[in-house]
Amino acid sequence: MQFFQKNFKGILLCLLISIPCWFLGKIFPLVGGPVFAILAGMLITLFIKNKTPLQSGVNFVSKKILQYAVILLGFGLNLSVVLQTGKQSLPIIITTIATSLVIAWALHKLLRIPGKISTLVGVGSSICGGSAVAATAPVIKANDEEVAQAISVIFFFNMVAALCFPTLGMLVGFSTGSGEAFGIFAGTAVNDTSSVTAAAATWDSMHHLGSATLDKAVTVKLTRTLAIIPITMALACLAAKGGQSDGQKFSVKSVFPFFIIYFVLASLITTVALNMGVANEAFTPLKNLSKFFIIMSMSAIGLNTNIIKLIKTGGKPILMGFCCWVGITFVSLVMQHCLGLW
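Please read all numbers here as calculations on a predicted model, not as lab measurements. (Residues numbered from 1 in each chain as written. Predicted model: local features only at pLDDT ≥ 70, side-chain atom pairs only at ≥ 80, totals over all residues. Heavy atoms only, no water.)

Participant: Is there a simple way to explain the overall build of the protein chain in this structure?
Facilitator: Assigned secondary structure in the protein chain consists of 16 helices and zero strands. A total of 342 residues make up the protein chain; the buried ones form 51% of that total. When contacts within the protein chain are restricted to residue pairs at least 6 apart in sequence, long-range pairs at least 24 apart make up 82% of them. Seen as two clouds, the 23 positive and the 9 negative side-chain charges of the protein chain have centres 12 Å apart. (Helix = DSSP H or I, 4+ residues; strand = E, 2+ residues; numbered from the N terminus. Buried < 20%, exposed > 50% of the residue type's maximum accessible area, 1.4 Å probe, protein only. Contact = heavy atoms within 4.5 Å. Lys, Arg positive; Asp, Glu negative; His and termini not counted. Charge placed at Lys NZ, Arg CZ, Asp CG, Glu CD.)

Set out below in structure tokens:
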């Protein structure tokens with residue numbers, strides 16, 4: 001009862017913002033519900049004179065609901081299919097992730113971009129956009145403004161990729177009789193699922209391939225999602241090491257991303273159930289709830305974000321996002337060529 005009284009108003013506000021943003025995301029999938037939610041939250045917070053009664057609930061949504069969203073994301077992963085596809089795309093996935101992380105680290109050093117923003121942009125660009133940011137933020141203890149900045153940067157280059165990559169695919173000579181090459185390219189070089197879907201569906205439509213490209217791209221993208229597990233574990237270890245070097249008492253519980261364990265369990269449950277004959281549609285409500293929770297948590301992050309400060313400090317992270325995006329695109333193309341996929 002005390003939890004309800006303390007958090008009700010903030011949770012309700014986030015819910016009221018999230019519902020229309022969910023439908024806007026359906027109407028404009030290239031933008032996506034999370035971006036609408038974070039923008040709405042940033043605008044609405046400008047008109048709230050006293051946030052004290054709302055703050056506890058908003059903080060709960062931005063932290064805990066965000067973790068629940070990542071856990072539920074596991075119900076969209078059939079590990080059998082993902083691992084089968086991964087045999088072909090894994091070298092490309094590993095090299096593109098490594099490229100993005102190295103570029104983010106180098107620019108963090110060269111341009112003195114804050115470490116947490118650099119980590120979020122690097123991980124989000126290389127793995128799966130908003131979902132990777134959602135998984136990484138609690139581990140590195142990023143604040144809501146840092147999360148908002150990373151999401152904004154990633155969204156911008158997502159949109160550019162979805163619009164430009166079908167034309168780029170034509171220019172580099174991907175086969176128009178098969179969706180395999182472009183599907184792997186979209187699945188490894190575009191980081192958010194909605195933008196991967198948009199780019200792959202455009203290629204299918206341009207070349208009358210049904211859903212061949214889309215199926216390939218989404219499966220490759222889901223394979224990339226598994227990289228959330230080792231990345232968050234590694235970041236947790238680095239956080240622990242940093243705490244020890246600062247003379248702080250080390251506590252496994254304080255840094256270990258336990259919600260990732262539940263993400264893995266959700267993936268295993270899905271895999272076992274599907275292999276036993278359960279219809280894939282049975283997990284659709286949980287996958288939709290995961291998407292809604294991400295939208296809801298982004299509304300909370302928007303409410304905790306100073307949009308004026310965000311604009312003033314956004315130049316260097318945008319440059320980092322651009323460099324990561326170009327690096328991933330180039331490496332994905334080179335690796336596919338080296339592996340004889342196009």
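Let us keep going from here.
Participant: Which parts of the structure should I look at to understand the packing of aromatic side chains?
Facilitator: Working definition: an aromatic ring pair is given by the centre-to-centre distance plus the angle between the planes. If you walk through the whole model with that rule in mind, you get 16 aromatic pairs. When the centroid spacing of 6.0 Å and the interplanar angle of 45° are considered together, the rings of Phe 157 and Phe 322 count as tilted. Here Phe 322 lies in helix H16 (residues 315–338) and Phe 157 lies in helix H7 (residues 144–172), a separation of 165 residues in the sequence. Linked through ring pairs, Phe 156, Phe 157, Phe 165, Phe 174, Phe 182, Phe 185, Trp 203, Phe 322 and Trp 325 together constitute an aromatic cluster. (Phe/Tyr/Trp six-rings, centres within 6.5 Å; stacked < 30°, edge-to-face > 60°.)

Participant: Can you help me understand unusual backbone geometry in this one?
Facilitator: The general pattern is negative phi for most residues beyond glycine and trans for most peptide bonds. Look at Arg 112: it is not a glycine, yet its phi comes out positive at around 55°. Along the chain, the position of Arg 112 falls in the loop between helix H4 (79–111) and helix H5 (115–126). Phi at His 208 is positive, roughly 55°, even though this residue is not glycine. Within the secondary structure, His 208 is located in the loop between helix H9 (193–207) and helix H10 (212–225). Take His 208: its relative accessible area is 73%, and that puts it in the exposed class.

Participant: Honestly, the packing of helix H6 (residues 130–140) against H7 in this entry has me stumped. Any pointers?
Facilitator: A pair of packed helices is characterised by two quantities: the angle between their axes and the separation of those axes. Where H6 meets H7, the axes come as close as 10 Å, and the angle between the chain directions of the two elements is 160°. It follows from the interaxial angle that H6 and H7 lie roughly antiparallel. Considering how the two elements wind past one another, H6 and H7 form a crossing that is right-handed. Seen from H6, the contacting residues are Gly 130, Val 133 and Ala 137; seen from H7, they are Val 147, Ile 151 and Ile 154. Tallied by class, residues from the contact of H6 with H7 come to five nonpolar, one polar and no charged. (Axes fitted to C-alpha atoms, helices over the stretch in contact; angles between N-to-C directions. Parallel < 35°, antiparallel > 145°, perpendicular 65-115°, else oblique. Left-handed = near helix turned anticlockwise from the far one by under 90°. Nonpolar A, V, L, I, M, F, W, Y, C, P; charged D, E, K, R; others polar.)

Participant: Even after reading the chapter, I still don't get a nonpolar patch on the surface, so can you show me in this structure?
Facilitator: Taken together, Met 1, Phe 4, Phe 8, Leu 12, Leu 15, Leu 16, Ile 19 and Phe 23 make up a surface patch of nonpolar side chains, about 790 Å² in accessible area. Among the secondary structure elements, Phe 23 is positioned in helix H1 (residues 2–27). (Patch = residues over 30% accessible without salt bridge, like charges linked within 9 Å, V, L, I, M, F, W, Y side chains within 5 Å. Areas by Shrake-Rupley, 256 points an atom, 1.4 Å probe, with all protein chains shown as cover. Salt bridge = Lys/Arg side-chain N within 4 Å of Asp/Glu carboxyl O.)

Participant: I'm lost on the environment of Val 82 in this one. Help?
Facilitator: Residue placement: Val 82 occurs in helix H4. Residues Val 82 and Ala 137, spaced 55 residues apart in sequence, show a C-alpha to C-alpha distance of 25 Å.

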